[in-house]
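Tertiary structure, described
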Amino acid sequence: MPNFLNLSYLKSGNSRQQKAYDVLQNSPILSRLVGYSPLLAGTIPIDIDTETSDLDILCQYSGPSHLFAEFLANLFSDLTEAVVYTKKTNQDRPMESVICRFSAYGFEFEIFGQPISPTEQYGYLHMLSEYRLLAWSEVLTGRAKAREEIRKAKRSGEKTEPAFAKYFGLTGDPYLKLAELADASDEELRAIVTGRAQPTV
């Protein structure tokens, strides 16, 4: 598994991953967020993105959420289309999430802040589970069928987590299930993958 805490893995990836690496290394976006533990997550790092996928950057803020929202609004005030808002997320562990969306350097960006470490946020945990499920699927089948079918589902409008849950036959809330699977053993993930007879996507 790549070390997702270090962007270097993007340098040996596909063309979009390499472009993302160049943008994140050479633009001021990450340096502006350095005090908030920025961490890239989402679909681009694991090559499950579509043409409309954005670069998701997870952050940890402290103090009232509105102060982080104001910080982001001021930080990206030079981008006229930047939008910042706050919402309640994660029903099993409710907290205020601050989201900032904007376009820059040829990418759509989403800055996502919560008052917990990015490595504890669902966005990161989902990415780990999704990467491992795809890796096991390709090891066991010798094909990229899962990746192709999930990407097809995303292009048709389905969200990433429900698409994974549907393809791999995961029951219950897909967002909670994928978060739980971040700590699953290889044996558990292998059983999930081998239990899939035919794709349902």
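You'll find the structure just up there.
First, a word on what this report is: a plain description of the structure on this page. (Residues numbered from 1 in each chain as written. Predicted model: local features only at pLDDT ≥ 70, side-chain atom pairs only at ≥ 80, totals over all residues. Heavy atoms only, no water.)

1. Section: the packing of helix 4 (residues 122–141) against helix 5 (residues 145–155)
Contact geometry for helix 4 and helix 5: axes closest at 8 Å, N-to-C directions at 135°. What the angle tells us is that helix 4 and helix 5 run oblique. The residues of helix 5 that touch helix 4, namely those facing Leu134, Ser137 and Glu138, are Ala146, Arg147 and Ile150. Considering only residue class, the contact of helix 4 with helix 5 consists of 3 nonpolar, 1 polar and 2 charged. (Axes fitted to C-alpha atoms, helices over the stretch in contact; angles between N-to-C directions. Helix = DSSP H or I, 4+ residues; strand = E, 2+ residues; numbered from the N terminus. Parallel < 35°, antiparallel > 145°, perpendicular 65-115°, else oblique. Contact = heavy atoms within 4.5 Å. Nonpolar A, V, L, I, M, F, W, Y, C, P; charged D, E, K, R; others polar.)

2. Quick look at the pattern of salt bridges
Under the criterion given, the structure shown has 10 salt bridges. Across the pair aspartate 49 and arginine 16 runs a salt bridge, and its minimum N-O distance is 2.7 Å. With a gap of 33 residues between them, aspartate 49 in the loop between strand 1 (39–41) and strand 2 (55–60) and arginine 16 in helix 1 (residues 15–26) connect regions that are remote in the sequence. Residue class for arginine 16 comes out partly exposed when judged on its relative accessible area of 23%. For the salt bridge of arginine 151 with aspartate 47, the shortest nitrogen-to-oxygen distance reads 3.0 Å. On the criterion of sequence distance, the pair formed by arginine 151 in helix 5 and aspartate 47 in the loop between strand 1 and strand 2 is long-range, its members being 104 residues apart. Using a relative accessible area of 14% as the deciding quantity, one classes arginine 151 as buried. Classification of aspartate 47 by relative accessible area gives partly exposed; the value is 27%. (Salt bridge = Lys/Arg side-chain N within 4 Å of Asp/Glu carboxyl O. Buried < 20%, exposed > 50% of the residue type's maximum accessible area, 1.4 Å probe, protein only.)

3. A word on the sheet that holds strand 2
Taken in spatial order, the 5 strands of this open sheet run 1-2-5-4-3, and their pairing is mixed. Each end of this open sheet is capped by a strand with a single partner; those strands are strand 1 and strand 3 (83–89). Between one strand and the next, the sheet's axes are offset by a mean angle of 30°, whatever the strand orientation. Looking at chain direction, strand 4 (residues 95–104) and strand 5 (residues 107–114) are connected through 7 bridges and run antiparallel. Looking at the pairing, isoleucine 99 lines up with phenylalanine 112 of strand 5. Along the sheet, helix 1 contacts strand 1, strand 2 and strand 5; its crossing angle with strand 5, the most-contacted strand, is approximately 65°. (Pairing = 2+ DSSP bridges.)

4. Focus: unusual backbone geometry
Notably, aspartate 47 is not glycine yet its phi reads approximately 55°, a positive angle. Located in the positive-phi region is tyrosine 105, a residue other than glycine, with phi close to 55°. Considering the arrangement of structural elements, one finds tyrosine 105 in the loop between strand 4 and strand 5. Classification of tyrosine 105 as partly exposed rests on a relative accessible area of 46%.

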